[in-house]
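Breakdown of the fold
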Amino acid sequence: MDHESLGEYLAVDRIESSPYRLQMKKEMYCEQVCITNLGRGESRAVRPNKVVQAIRKNYHNNWIVDNLSSASKVEDLETITTRYWGGFPVGYVDENDQKAYINNHVNIEIMYHPVEMEVDEFRIVRFTVEPFSIQHSFEPLEDND
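Residues numbered from 1 in each chain as written. Predicted model: local features only at pLDDT ≥ 70, side-chain atom pairs only at ≥ 80, totals over all residues. Heavy atoms only, no water.

Here we come to the environment of T79. Within the element layout of this structure, T79 appears in the loop between strand 4 (71–76) and strand 5 (81–86). In this structure the side chain of T79 is engaged in a polar contact, spanning 3.0 Å, whose partner is the side chain of T81. (Helix = DSSP H or I, 4+ residues; strand = E, 2+ residues; numbered from the N terminus. Polar contact = N/O pair within 3.5 Å; in protein donor to acceptor, adjacent residues only side chain to side chain.)

With that settled, consider the packing of aromatic side chains. Enumeration over the complete set of coordinates arrives at four aromatic pairs. Judged by centre distance (5.3 Å) and plane angle (50 degrees), the rings of Y20 and W63 are tilted. Residue Y20 is found in the loop between helix 1 (6–10) and helix 2 (50–56), and its partner W63 is found in the loop between strand 1 (60–61) and strand 2 (64–65); the two are separated by 43 residues along the sequence. You can call W63 partly exposed: its relative accessible area is 24%. Here W63 and F88 contribute two aromatic rings whose centre-to-centre distance is 4.8 Å and whose plane-to-plane angle is 85 degrees, an arrangement assigned as edge-to-face. Within this pair, whereas W63 is found in the loop between strand 1 and strand 2, its partner F88 is found in strand 6 (residues 88–89), the two being separated by 25 residues in sequence. (Phe/Tyr/Trp six-rings, centres within 6.5 Å; stacked < 30°, edge-to-face > 60°. Buried < 20%, exposed > 50% of the residue type's maximum accessible area, 1.4 Å probe, protein only.)

Quick look at the structure:
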């Protein structure tokens, strides 16, 4: 397997290119990236698939934009505090039915500052991802390549 850097190899990480296409200073909404079947659903007496196991083990995605790692923002309304965590969870376990659900949507927020003395050049200073899950169905994507 090819590694993008020595640090990736030593940390046993796998860096892969993303299907997301971001454009500087352009807001985008509801961009569908893929449709995939993640295997059987979760049920009793059946061994959970790898995605469910990853969610139950609290696995996180760690995305990178311009060598800046993503963070997830957690706001506590009781104490009125905001905390940032490295990466964001693959999914969550519902408190009521104890089933694992994948986070199938993300809000990506990129904050940037203009580079001094440079016209139309910007530096990314914050990259946050807010994951969430929505139950819905999509039509298959048309291959535009």
